[in-house]
Structure formats: C-alpha cells, structure tokens
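# Per-entry structural report
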Amino acid sequence: MNNKRLLTAAAVLAAATTLAACSSGGGGGGGTASGGGGGASNCTNTIPKKNLPVVTMWGWYPNMQLVVDNFNKQNAEVQVCWTNVGQGSDEYDKFQTAISAGTGAPDVIMIEMDRIPTFQIQKALVDIRKFGFDAVKADYGAGAWKDVSIGDAVYGVPVDGGPMAMIYRKDIFDKYDIKPPKTWAEYEQAAQKMKDAGGPQFGDFAANVSALTMALQIQKGASPFTYDPAQQSTIGIKLNDQASKDVLDYWGNLAKKGLVGTQDQFTPEYISGVINGKYATYISAAWAPGYLTGAGVGKGEDTGKFAVAPLPQWDPANPVQVNWGGSAFSVTSQAKNPELAAKVAYGLYADKESLTDGWTNQIIFPLNLKALNDPEFINLKVAFFGGQQANKEVYVPAASAYQGMTYSPFGQYYFDAMTKQVSAVIDGSVTGAQAADKLQEDVAAYAKEQGFTVQ
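Right, let's walk through the structure included here.

So, on to the packing of helix α10 (residues 242-256) against helix α19 (residues 432-449). Packing of α10 against α19 leaves a shortest axis separation of 7 Å and a crossing angle of 135°. Looking at the two axes, α10 sits oblique to α19. As for the relative orientation of α10 and α19, their crossing is right-handed in sense. Note on element contacts: α19 touches α10 through Gly-432, Ala-433, Ala-435, Ala-436 and Asp-437, opposite Lys-245, Leu-248 and Asp-249.

In structure tokens, the structure reads:
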C-alpha cells in the first residue's frame, strides 16, 4: 500500500469539498498562524490581554465575534486571535494549501465533522485526548463524540449538530385532515391522500442533498463505511446493502408517483416553494428553522404555519435517530502549542453566554449538554413553530438518542457519486436498487484507485 498515494488523494479530495447545509457566515480576511507564545496579526477581534500566549483560529459562525470575546474575557491562560477566511470549501481550500506547504494553518480550525477523516489521513489534525479530554468528556453525548472520532482518537470538540425531524405545514395538514405520520409507511399513505384530494406535493427527493439521503439510509440500518486509522490502508464500503436499496427505492417510488417533488434544495426556487406551500413537509435537521428564517420563511403570510414532528420511523418499536450536519473545533498539527490550542477548542462555545446566544438566535443547535439540559433551552417556545416547544418535543430527544456514525476519508467523492445516482433514479433510468449497486461499484473502484484495500 502506498501511503503517500493515500495522502495525495486526500489532498485532492479536500480541495474539492463543498459547503454543507449547516455552514453559515461568510467572507473574511486571511490570518497568520502564529500561536503558542507568538504574537498574532490580522485578527478580526481585539485581544484584550496582550501579555498572554495567543492561539490563532479560523471559524465562520455569525456570532463568532461574541464567542471569541467571551472566551478572551474569561480566560487567564490564553487568548484567541480569530479570522474568518471563508466557509466550507473556501476555508478548506486555504487549509489544504497550508497543509501542502507545511505552514500557514491556524492552531485551531472549525471544520464540519464529515471532513475530519479527509484531513486526519494527511496528519493535519491532532488527537486531543491527552490535552484535557477527560475533563470535558461528560459535556457531550456519545453520538457527538463518535462523530469527531476516528477509532479511539478524538480529532475535534463538537460544536453543533443536526438531529433530524419532519417540519410540516400545519395549515395544509389541517386542510386535508392529515396527522403527522409516525412511520414511513404512514408518510406515503398521507402523501397519497393529499395528492388524491388535489393537494400539494408532500415533500421533496433532491439529488443535491447526499448527506440527507445517507442519513435516511443509516436510519433504515445501513452502515456505509467502516474505517479505523490503525488500518489506514483498509476501508469497509457497503453502499448497496438492502437497507440502502430500500430507502432509494422508497423515495424513487414516491417521486415516480408524483407524491414528492425532485427539485434541488437550497435554491431560490425551492425556498419559494416552501414559502408558497408547494411542499407539505420538509425532512431536515435542527438547524433548518434558522436557515429558513434567514431565507425569509416564517416572516410573511406563512408566519406561524409551520410545526415540527419527530422523524418518521421504519420500525416505531425500535426508533433510530439520525443527524445531518455539524461542526467541530479541531487542533491542527501546525499548532505551536497543541495543549494551549486544545484549551481553546474545548473552551470556545462552552460558556453559558455564548451557548445561549447561539440557540436563542437559532444560529446553531448546540451539542454541549450544558445547553441541551438547560431548562430555558428545553422549554423554549420557538417562534418559527408558532410557539411550539420544539426542543422539548422533538430535537432534544432526537439528539440524546443519536449514536453517531463513521465518515470516510473521501466523503466528498461519495456525496458527488450519490448525487449522480439519485439523479438517475429521479429521471427513471435506474431503480433505487440499481443505483445502489452502481454507487457501490463506483466508490469502491475509486477507493482502490487511491490505494485502499476495500472490504
């Protein structure tokens, strides 16, 4: 096995990454990577305690200024120099350039959880277990830690997540006398009832949300990847098991019957459809209310018309909760003082003021249990949902039951390949089962080309 080949492949993949749905924020200037005891420059923020060591950080959240200021004000050991170099692929491209050059990376970087293996395989991230992990382990659930771990090693501190649920239009459900479906069989029955009565499409099966499709397959029982860094050249790929085929066939059949739409999500046209009642449901994550509100949903004539229910299940006697999206603070291998950098990663978005600001403004769905267990958060009457206690009824139970998943070092290639196959299902050229077989063949061949042994 050619380890250098693996690292080169990972570098190409990292450069090709795209923005995930949970990312938010925008632009920003560059920054230097001086950390540990060095003096930073080009900080977006003002460092109040100039006699302390400085750790550099890249991050994109809209309220990052507040979070950094809170940390610096409260901390007597280290200060944070924060810059926003962009979000998603903008940041990842810059990070990849720094990895290839061996210099220029920050000490701490915010990255989406599914990108961690891509950078870990290049030895660009630090296992932070020996830098205070035991002191904060109880602040997050097992599922959150699994999403930032590879094998036993921990490569990030969870920030936000996306426990999934079913957002729906109360007014449309009432009009057609439909109750929130508890199972996917009931979902299809309700969709058919609505169509027969001349109602709108019940939901949407989009090709450009591969992470969502993957999550729904995992809910059915799929395990797309098995990967352990102790066997870095070996990866398990199972994309055409029966569960994966069943989910693609299920949604493909809904689309074929005209029960759901097939429009790409996160487009102006899709948002217009949500606003105008083209879809009765929106299967999405806990960050969706903030995203929709930012796009103008829930502010006009549709105000108070949305509600949320638990994600429909395949087997209600054995419910499975899944997640879409999420970010973490990771320590880079270029950090001059990894221990100080880990203090920053553990401490950011960990104080009550920062956490509260995040969830009250619907910027993030926090994974820190100090927020998830906060009665204010649990009992919050969410304005977007007309005052429904959505956290208490839906999102907190889903987050608490989530068990985590295993990502692959070439997640972007897999997502792109999934998009291609779902598009084929939508246009009717293949069945869901055939698409799963083609996806398995494609991704397994790609992994072998990159030097992996596929199991």
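Our focus in this paragraph is the state of the cysteines. Under the criterion given, the structure shown has one disulfide. In this model, Cys-43 is linked to Cys-81 through a disulfide, with the two sulfur atoms separated by 2.1 Å. Between Cys-43 and Cys-81 the disulfide shows an S-S torsion of about -115°. By sign, it is left-handed. Here Cys-43, found in the loop between α1 (3-15) and β1 (54-58), pairs with Cys-81, found in strand β2 (residues 79-83); they are 38 residues apart in sequence, far enough to count as distant. Residue Cys-43 is classed as partly exposed on the basis of its relative accessible area of 24%. On the accessibility criterion, Cys-81 (2% relative accessible area) is buried.

The next point concerns the environment of Ser-149. Turning to its location among the elements, Ser-149 is positioned in strand β4 (residues 149-150). Residue classification places Ser-149 among the partly exposed positions, given a relative accessible area of 22%. With 255 residues separating them in the primary sequence, Ser-149 and Gly-404 have C-alpha atoms 9.7 Å apart. Reaching out from Ser-149, the side chain makes a polar contact with the backbone oxygen of Trp-145 at a distance of 2.6 Å.

With that settled, the discussion passes to the environment of Gly-104. Locating Gly-104 in the fold gives a position in the loop between α3 (89-101) and β3 (108-112). C-alpha separation for the pair Gly-104 and Gln-334, spaced 230 residues apart in sequence, amounts to 8.1 Å.

To continue, consider the sheet that holds strand β8 (residues 225-227). Spatially, the three strands line up as an open sheet ordered β8-β9-β14, and their pairing is mixed. Both outer strands of the open sheet, β8 and β14 (453-454), are each paired with one neighbouring strand and no more. Across two bridges, the pairing between strand β9 (residues 234-237) and β14 is parallel. Across the sheet, residue Thr-234 finds its bridge partner in β14, namely Thr-453. This element, α19, spans β8, β9 and β14 of the sheet and lies at about 175° to β9.

A few words now on the pattern of salt bridges. One pass over the full model with this rule turns up 10 salt bridges. A salt bridge links Asp-171 to Lys-305, with the shortest nitrogen-to-oxygen separation between them at 4.0 Å. Of the two residues, Asp-171 sits in helix α7 (residues 170-175) while Lys-305 sits in the loop between α12 (288-294) and β12 (306-310), which places them 134 residues apart along the sequence. Residue classification places Lys-305 among the partly exposed positions, given a relative accessible area of 28%. Among the salt bridges present, the one from Glu-376 reaches Lys-352, with a minimum N-O distance of 3.9 Å. Of the two residues, Glu-376 is situated in helix α16 (residues 375-378) and Lys-352 in helix α14 (residues 352-360); the sequence distance between them amounts to 24 residues.

What follows concerns the packing of helix α8 (residues 184-196) against α10. Interhelical geometry of α8 versus α10 gives an angle of 5° and a closest axis separation of 11 Å. Relative to α10, α8 is oriented roughly parallel. Along the contact surface, α8 presents Trp-184, Tyr-187 and Glu-188, while α10 presents Tyr-250, Trp-251 and Leu-254. For the contact of α8 with α10, the class distribution of residues is five nonpolar, no polar and one charged.

Cut-offs applied
- Residues numbered from 1 in each chain as written.
- Predicted model: local features only at pLDDT ≥ 70, side-chain atom pairs only at ≥ 80, totals over all residues.
- Heavy atoms only, no water.
- Axes fitted to C-alpha atoms, helices over the stretch in contact; angles between N-to-C directions.
- Helix = DSSP H or I, 4+ residues; strand = E, 2+ residues; numbered from the N terminus.
- Parallel < 35°, antiparallel > 145°, perpendicular 65-115°, else oblique.
- Left-handed = near helix turned anticlockwise from the far one by under 90°.
- Contact = heavy atoms within 4.5 Å.
- Disulfide = S-S within 2.5 Å.
- Buried < 20%, exposed > 50% of the residue type's maximum accessible area, 1.4 Å probe, protein only.
- Polar contact = N/O pair within 3.5 Å; in protein donor to acceptor, adjacent residues only side chain to side chain.
- Pairing = 2+ DSSP bridges.
- Salt bridge = Lys/Arg side-chain N within 4 Å of Asp/Glu carboxyl O.
- Nonpolar A, V, L, I, M, F, W, Y, C, P; charged D, E, K, R; others polar.

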